[in-house]
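Spelled out from the first residue to the last, the chains are:
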Amino acid sequence: MDVCSAKVFRSNRQFGLDFYNKRHRELSYKTPNATHLMIADLQHEFPDRVLKITQNIDDIFEKAGCHGTIHLHGELTKARCEVCGHIWKIGYADLVGTERCSLCKATRVRHHIVMFNEQAPEYMRLYEAVEGLEANREGKLVVIGTSGLVLPVEELARYALYSILNNLEPQEAIDDQVFSVHMYENAGDAALKIAVLARRSYCCTFRERTLIFEFSMCVLNNWMTRLSSRSRRALRICLCSSTTSSEKFLLTLDFRIVSQVKDLRVWNKCMYWTLPE
């Protein structure tokens, strides 16, 4: 889009400010969906082990309760001084073009957005995180909702021992076979399944203080054989809570099964889903 390019912004600064003012005013009405909340829950459950990197410029992750999110392309709710580089929060207030930087007092203030043909310094943190995946073979990668045209997520997945891809539909720029598991469905519908898989992966690194119930493919296939006469085959797995504070009982499932289930939902500490026909 031309209005999002640095060249157009320099030639018509007020037009660019008005465009982004409208975009960030709309953010005030946006609320987190199941995926944002799922990621926030994982971060709270595994402090300092969940790193969130997004190409989006909204603040919905922050609304969901996430902290430390890396915004590769900037944030609409912040302003930046083009002279000294100072960045500060503006919330949903408009930038009218007469604001002054609180540090250097310059008037060249704009939204903290990376436009086309501009450098994106936060990409260095992305590459550092990817290098960390390769160095620490316990690291996991979850990719949700991307065309693969801006970021080479297929290549990023090669650095991870375990990776998950969730898109609404296949993308020409992404070879989904590179990922450990891929799901083509609405991100909100896939959120619980992603959470199960992510926790399963993390559990593998906490065996000394976590008891894991793991159901093998053989057991699950046996159950499905018994239920095959039903038009809607359903399984009910109880999630048990530990009686001690030092242990946590978790349920883990083979990702080949979890990635195929439909209508996953939780009720009264039990997880229900329907297997495909």
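Our subject in this report is the structure included herewith. Keep in mind it's a predicted model, so treat the numbers as computed, not measured.

## What about the overall build of the protein?
Move 1: Counting its regular elements, the protein contains nine helices and 13 strands.
Move 2: Here the protein holds 277 residues, and 41% of them are scored as buried.
Move 3: A separation threshold of at least 6 residues defines the contact pool for the protein, and within that pool the share at least 24 residues apart is 55%.
Move 4: Summing over all exposed atoms, the protein offers an accessible surface of approximately 15800 Å²; the carbon and sulfur share of this is 52%.

## Digging into the environment of M38
Move 1: Structurally, M38 can be placed in helix 3 (residues 34–45).
Move 2: M38 sits in the buried class, given a relative accessible area of 7%.
Move 3: Sequence spacing of M38 and A191 is 153 residues, and the spatial spacing of their C-alpha atoms is 6.4 Å.
Move 4: Apart from the residues within four sequence positions on either side, M38 is in contact with I144, A191, I194 and A195.

## Comments concerning the sheet that holds strand 7 (residues 162–167)
Move 1: Spatial strand order, 6-7-8: three strands in an open sheet with parallel pairing. The open sheet is flanked by strand 6 (140–144) and strand 8 (181–184), the only strands paired with a single partner. Sheet twist, expressed as the average angle between the axes of neighbouring strands with direction ignored, equals 10°.
Move 2: As judged from the four bridges shared by strand 7 and strand 8, these two strands associate in the parallel manner. Directly across from L165, in strand 8, lies its bridge partner H182.

## Here we look at helix 2 (residues 13–27)
Move 1: Between its terminal C-alpha atoms helix 2 stretches 22 Å, which fits the 21 Å expected from 15 residues at 1.5 Å a residue.
Move 2: Within helix 2, the full set of buried residues consists of G16, L17, F19, Y20, N21, H24 and L27.

## A short note on the pattern of salt bridges
Move 1: Summed over all chains, the structure comprises 11 salt bridges.
Move 2: Measuring nitrogen to oxygen at the nearest pair gives 3.5 Å for the salt bridge that ties E26 to R23. Of this pair, E26 and R23 both sit in helix 2, three residues apart, roughly one helical turn.
Move 3: On the basis of relative accessibility, which here comes to 34%, the residue E26 falls in the partly exposed class.

## Considerations on the environment of N33
Move 1: Assignment of secondary structure puts N33 in the loop between helix 2 and helix 3.
Move 2: Sequence separation of N33 and A191 is 158 residues, and the distance between their C-alpha atoms is 9.4 Å.
Move 3: Within the structure, the side chain of N33 is placed 2.9 Å from the backbone nitrogen of T35, a separation counted as a polar contact.
Move 4: At 2.8 Å, the side chain of N33 and the side chain of H36 are in polar contact.

## Some points on the packing of aromatic side chains
Move 1: Applying the stated criterion across every chain yields a total of two aromatic pairs.
Move 2: When the ring of Y123 is compared with that of Y127, the centres are 6.2 Å apart and the planes differ by 55°; the resulting orientation is tilted. Placement of both Y123 and Y127 in helix 5 (residues 123–135) is noted, with a separation of four residues, approximately one turn of the helix.
Move 3: Residue classification places Y127 among the partly exposed positions, given a relative accessible area of 41%.

Reading the values: the criteria
Residues numbered from 1 in each chain as written. Predicted model: local features only at pLDDT ≥ 70, side-chain atom pairs only at ≥ 80, totals over all residues. Heavy atoms only, no water. Helix = DSSP H or I, 4+ residues; strand = E, 2+ residues; numbered from the N terminus. Buried < 20%, exposed > 50% of the residue type's maximum accessible area, 1.4 Å probe, protein only. Contact = heavy atoms within 4.5 Å. Areas by Shrake-Rupley, 256 points an atom, 1.4 Å probe, with all protein chains shown as cover. Pairing = 2+ DSSP bridges. Axes fitted to C-alpha atoms, helices over the stretch in contact; angles between N-to-C directions. Expected span 1.5 Å × (residues − 1). Salt bridge = Lys/Arg side-chain N within 4 Å of Asp/Glu carboxyl O. Polar contact = N/O pair within 3.5 Å; in protein donor to acceptor, adjacent residues only side chain to side chain. Phe/Tyr/Trp six-rings, centres within 6.5 Å; stacked < 30°, edge-to-face > 60°.

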